[in-house]
Amino acid sequence: MSVYSLKKASKWMGVPKFLLLLIIVNFVCILGCKVFYVLEIWGRIWYFENTFVNSVKIVFFTWDGFNRVGQLGLWSAFVSGSGRSLLGAIVFFYFAIRLFCKISNEKGIDEYMNLLLPGALLGISIGKIGCWISGDGDFGQVVGFHLPPLSLAYSTADGAIVDTYGMSVLNLPFIEIILFVSLSILFIISPLKLEKNRDFFSITLLFYLGLRFVLGFLSLESPFFGPYENLDLSALKSGEDLRTYHWQGITFRQLVAIIYITNVLIKTKLIRKIIIKPW
């Protein structure tokens, strides 16, 4: 994860136990990446045909699903080498720490999460650079300005995976990199003792989901609910399609953000102070 985490671990929990923690975290987070990826592209997997039961049979009990242009199979998408969800990795990170504590009979889940957090955030930032330079479609809608690196134009002729037809699009990976690097530096230089503080992971998840909720209105994502046909990158056949692409409905990441942020507001009683009490 990082030299920082390794030095902390050797003093606090010992290197062998730390290596076990890394193995569990990596395995569980990869699983989370794929589970959430499937949920994020659910609009390209699910299709209602004839009856609900028939659709369930095709989606869950066949490898390639409906096997139509633009449609993906549930299981083929799950085991494919491409397609991973950062949100899934972050959420399953919590379950990985719980699993480690159960296996090693340890207490203090928050301490272990916070031990890995700074290095994990830097690692995520490095991974996001790959999304940035590859032009894999993890970018936003067309913007009326060209201001690198905040906005970029991608071309398949230059090796990008998805073409923006000469138009500038919002560079979403760059915005996420700024967030994760800033949080990592903040946690490292924080005067609070990292392994004893209980709030760092919650802060990370809250900031990331808040950011993804906002970016969801600007990204090229299919909605989790509603009509799914022709609402994803596979439907963009020309510059005009890309230029007119707009937010179509609540995406899966926005849905998770709404649920989590609402839960935080209820637990911290902020919803009572901000919304109910003034009235």
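Residues numbered from 1 in each chain as written. Predicted model: local features only at pLDDT ≥ 70, side-chain atom pairs only at ≥ 80, totals over all residues. Heavy atoms only, no water.

Peer 1: Can you lay out the UniProt feature "transmembrane region" (unreviewed entry) in the protein chain for me, pointing to particular residues and giving the numbers?
Peer 2: Cross-referencing UniProt, the feature "transmembrane region" (unreviewed entry) maps to residues 18-39, 72-95, 115-135, 170-189, 201-225 and 245-266 in the present numbering. Here residues 18-39 runs as 100% helix and 0% strand, with 31 Å between its end C-alpha atoms. With 67% helix and 0% strand, the stretch residues 72-95 has end C-alpha atoms that lie 28 Å from each other. (UniProt positions renumbered as here; feature names shortened; annotations may be inferred. Helix = DSSP H or I, 4+ residues; strand = E, 2+ residues; numbered from the N terminus.)

Peer 1: Describe unusual backbone geometry, with residues and values.
Peer 2: The peptide bond linking P148 to P149 adopts the cis configuration, its omega dihedral lying at 0°. Topologically, P149 is positioned in the loop between helix 7 (109-134) and strand 1 (151-152). You will see that Y165, though not glycine, has its phi angle at about 55°, which is positive. For Y165, the location among the structural elements is in the loop between strand 1 and strand 2 (169-170). Among the residues examined, Y165 registers a relative accessible area of 37% and is labelled partly exposed. (Buried < 20%, exposed > 50% of the residue type's maximum accessible area, 1.4 Å probe, protein only.)

Peer 1: Before we move on, could you go through the packing of helix 7 against helix 9 (residues 200-215) and cite the residues and values that matter?
Peer 2: A packed helix pair is summarised by two numbers, namely the angle formed by the two axes and the spacing between the axes. Put simply, helix 7 and helix 9 touch, their axes get as near as 9 Å, and they point 40° apart. As the angle between them shows, helix 7 and helix 9 are arranged oblique. Residue-level inspection shows M113, N114, L117 and L121 of helix 7 in contact with helix 9, the latter providing F200, F201 and T204. (Axes fitted to C-alpha atoms, helices over the stretch in contact; angles between N-to-C directions. Parallel < 35°, antiparallel > 145°, perpendicular 65-115°, else oblique. Contact = heavy atoms within 4.5 Å.)

Peer 1: Go over a nonpolar patch on the surface, please, and point to the residues and values.
Peer 2: The grouping of F60, F61, W63, W75 and V79 at the surface amounts to a nonpolar patch, some 580 Å² of accessible area in total. At the level of secondary structure, the elements contributing two or more residues to the nonpolar patch comprise helix 4 (52-61) and helix 5 (74-79). (Patch = residues over 30% accessible without salt bridge, like charges linked within 9 Å, V, L, I, M, F, W, Y side chains within 5 Å. Areas by Shrake-Rupley, 256 points an atom, 1.4 Å probe, with all protein chains shown as cover. Salt bridge = Lys/Arg side-chain N within 4 Å of Asp/Glu carboxyl O.)

Peer 1: Please give an account of the packing of helix 9 against helix 11 (residues 252-267) that cites residues and values.
Peer 2: Interaxial distance between helix 9 and helix 11 falls to 9 Å at its minimum, and their mutual angle equals 135°. One element, helix 9, and the other, helix 11, form an angle in the oblique class. Regarding helix 9 and helix 11, the two cross each other, and that crossing is left-handed. On the side of helix 9, the interface is formed by S202, L205, L206, Y208, L209, G210, R212 and F213, while helix 11 contributes R253, Q254, V256, A257, I258, Y260, I261 and V264. Its residues placed into classes, the contact of helix 9 with helix 11 shows 11 nonpolar, three polar and two charged. (Left-handed = near helix turned anticlockwise from the far one by under 90°. Nonpolar A, V, L, I, M, F, W, Y, C, P; charged D, E, K, R; others polar.)

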